[in-house]
Every structure is written in C-alpha cells, then in structure tokens.
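Structure assessment
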Amino acid sequence: MFVIIGYVLVVGSVLGGFAMAGGHLHVLFQPVELIIIAGAATGSLVVGNTPKVLKAIGKALGSCFKNTAVTKDFYMSLMALMFEVLTKVRKEGLMSIESDVEEPEQSTIFQKYPEVLADHHIVEFLTDYLRLMVSGNLNPMEIENLMDGELETHHQEAHVPAASVQTIADGLPAFGIVAAVMGVVHVMGSVGQVSNSELGNMIAAALVGTFLGILLSYGFIGPLASLLNHKTNESSKPFECVKTTLLASLNGYSPALAVEFGRKVLYSTERPSFVELEEHVKSTKGK
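Described in the following lines is the structure provided in the data block. (Residues numbered from 1 in each chain as written. Predicted model: local features only at pLDDT ≥ 70, side-chain atom pairs only at ≥ 80, totals over all residues. Heavy atoms only, no water.)

Side note on the overall build of the protein chain
Condition: Each helix corresponds to a stretch of at least 4 residues labelled H or I by DSSP, and each strand to a stretch of at least 2 residues labelled E; elements are numbered beginning at the N terminus. Atoms considered for the radius of gyration are the C-alpha atoms alone. The globule rule reads 2.2 Å times the number of residues to the power 0.38. Two residues form a contact once any of their heavy atoms are found within 4.5 Å. Working definition of accessibility: Shrake-Rupley area with a 1.4 Å probe, residue cover restricted to the visible protein chains. His residues and chain termini do not enter the charge count, which takes Lys and Arg as positive and Asp and Glu as negative. Note that the charge is assigned to NZ on lysines, CZ on arginines, CG on aspartates and CD on glutamates.
Looking only at helices and strands, the protein chain has 11 helices and zero strands in total. Order of helices (α) and strands (β) in the protein chain, N terminus to C terminus: α-α-α-α-α-α-α-α-α-α-α. Scaling as 2.2 N^0.38, a compact globule of 287 residues should have a C-alpha radius of gyration of about 19 Å, whereas the protein chain reaches 27 Å, well beyond that. Counting only C-alpha atoms and orienting by the principal axes, one finds that the protein chain spans roughly 90 × 35 × 30 Å. In the protein chain, the proportion of contacts linking residues at least 24 apart, taken out of those at least 6 apart, comes to 75%. Surface accessibility of the protein chain: about 15800 Å² in total, with carbon and sulfur atoms responsible for 64%. Distance from the positive charge centre (19 side chains) to the negative charge centre (28 side chains) of the protein chain: 6 Å.

So this is what it looks like as structure tokens:
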C-alpha cells in the first residue's frame, strides 16, 4: 500500500507541477521512448543475471507490495517456542526433543505456533542446530562458526535481488539518454522534410526520453531497491534471534535468560518488552 501511495505522490507531484507551470501533459505521452528505455533495461537485466536470480528478483519485487511477516507477534511466538523447547531439554535432556526436531510439523510444541511453523526457512534453521545439539558432537564455538557461515551465505543470497534492481535503477538515466539521442537523430534526419512546428514536437519527444529515464530511476526503481534492502535486513533478524538464543543455552544459561539474550538483538520497533514476552510465554504454556 505504501509503495502505491509513494508512486502516486511521485507522479502527482511531477505531472501536477508540470501542468501548473503551463506544460502540456500530452507531450509527455511518448510510448516509443518508454519502449526503448524499458526494453533496454529489461534486456540488460536478463543479460546480467542467471535464471535463478531473475526468479528471485520477481519474487522479491512481489514482496514489496505485501506487508512484512516479521512482526512483534511473530517474534514473541518464535521466542516462546524456543523457550518451550529449551525448557524441555533442561528438564528431560536433549534426547527428549529428537522427535520434535525430526518432524516439527507433527510436534505438539511446534504446532502451538503456526505462524512460526509456516516459515519453513526459520524452522529449518532452528531444527538443524537443535539436531546438532542433540548429537552432542560439536562445542558452542564450532556451532557459532557454523551459524555465522550459514548466515553470511543467507545475507549474500538475499541481497542479490536488491543489488540487481539497484543496478538497473543506476542505468535507467543512461538508457533515457540513449532514447533522447535516438530522438535527436530522428529530428536531424527530418530537417527540411517537416515544418518547424513538427520539428519542435519531435525535439520535445526526444527530451522526454531523458526525463523518463531519470524519473523511472529515482522515482520508481531506485526506491524499490532500497525497500528490498530494508526487507532483507528485517528478514535476517529472526535467524540472529535463534542463533543468540541457542548459543546462550549452549553456554549454560537458563531458558528464560537465553530467550532474553535473543530478545535483545531485535530491532526496537518489533522487540517485545520483557513483561510482554513473559506473559506471552505463560499464556502459551497453558495451552
């Protein structure tokens, strides 16, 4: 919704200001210029990325028009889930969660938190390291190094769509110049063949190419790249929360303190207070 509102503000401000200055809006309607710019930008996107990346870009752009799933409620459920799992480990031993880890969809603990269970990436990350804890073959330092390597790979992969979109945004002004130059070439080739008024319209049409390239870059595509970066950073926080909580548990802290460690790494806008989290954990334990 905010993306659409932003686009409306961009278009309304630019076209409205142009009209208020006495400009003729119909002059800006140049589909040929738009075809040149959009076609060249799309072609460069295809050339510069693998099919896997193109698919990821399409999926990422679709997420820009949806609300983020990483909310305060999601974090409270995630931390309550980890609290229950770690409490079970402390009371019954690591082997007691083996069935929960192997089949989280069938686990009575995981089933209490459907919003977490629906995110298969975070469930896989959590269960993979719980499985390593159950095996007992790795010490906390080795698990931390392994987590850091996996998270680094995750960050690199998640930032690829945003970087590719930003590359296209950076190139759009140049494609606008290409469209404008081609328009000027057309104008020069028409000198002596058309009237002065027609030449004026052709020059105006050529200049629209530069205008469109800059507008699309800074008003439409560039902001999407920035939004994708923000969403990527937000999506990485649940993994950091899981990492911090599990490492605290491996270092001997109680489940309550381990979850508190995880709570501290969250952004302040989504971080539940200590009391909120405590009450949520108590309410879910009674289910």
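Side note on the environment of Q156
By the element assignment, Q156 lies in helix α8 (residues 140-190). For the pair formed by Q156 and G213, sequence separation is 57 residues and the distance between their alpha carbons is 29 Å.

Quick word on the packing of aromatic side chains
Basically, it comes down to this: Centre distance within 6.5 Å is the pairing criterion for rings of Phe, Tyr and Trp, where only the six-membered ring of Trp is used; planes under 30 degrees apart are then read as stacked, over 60 as edge-to-face, and the remainder as tilted. For a ring to carry a charge above it, either NZ of a lysine or CZ of an arginine must fall within 6 Å of the ring centroid while also lying within 35 degrees of the normal to the ring plane.
Applying the stated criterion to the full structure yields five aromatic pairs. Taking the centre distance of 5.3 Å and the plane angle of 80 degrees together, the rings of F125 and F239 count as edge-to-face. Taken together, the positions of F125 in helix α7 (residues 120-135) and F239 in helix α9 (residues 196-250) put the pair 114 residues apart, joining distant regions of the chain. Taken together, F125, Y129 and F239 form an aromatic cluster joined through their ring pairs. Between K237 and the ring centre of Y267, over which it is positioned, the NZ or CZ distance is 5.0 Å.

Here we look at the side chain of T127
Quick reminder of the rule: A simple rule labels every residue: compare its accessible area, found with a 1.4 Å probe on the protein chains alone, to the largest value its type can have, and call it buried under 20%, exposed over 50%, or partly exposed in between. Here a polar contact means two N or O atoms within 3.5 Å. Within protein one must be a hydrogen donor candidate and the other an acceptor candidate, and residues neighboring in sequence count only if both atoms are side-chain atoms.
As for its position among the elements, T127 is in helix α7. Among the residues examined, T127 registers a relative accessible area of 4% and is labelled buried. Among the polar contacts made by the side chain of T127, one reaches the main-chain carbonyl oxygen of V123 at a distance of 2.7 Å.

Let's talk about the environment of S107
Along the chain, S107 turns up in the loop between α5 (98-102) and α6 (114-117). In sequence terms S107 and V242 are 135 residues apart; their C-alpha atoms lie 18 Å from each other. A distance of 3.2 Å separates a polar side-chain atom of S107 from the backbone nitrogen of I109.

Digging into the pattern of salt bridges
As a reminder of what qualifies: A pair is scored as a salt bridge if a Lys or Arg side-chain nitrogen falls within 4 Å of a carboxyl oxygen belonging to Asp or Glu.
Inspection of every chain in the model, using the stated rule, returns eight salt bridges. Of the charged contacts in the structure, one is a salt bridge between K72 and E276, with a shortest N-O distance of 3.6 Å. Taken together, the residues span a long stretch of sequence, with K72 in helix α4 (residues 72-92) and E276 in helix α11 (residues 274-285) at a distance of 204 residues. Looking at E276, the relative accessible area reads 33%, which means it is partly exposed.

As for the side chain of K243
Its location among the elements puts K243 in helix α9. For K243, a relative accessible area of 17% corresponds to the buried category. The contact partners of K243, leaving out residues within four places of it in the chain, are F125, E144, M147, D148 and L151.

Function-wise, these values are silent; they only describe arrangement.
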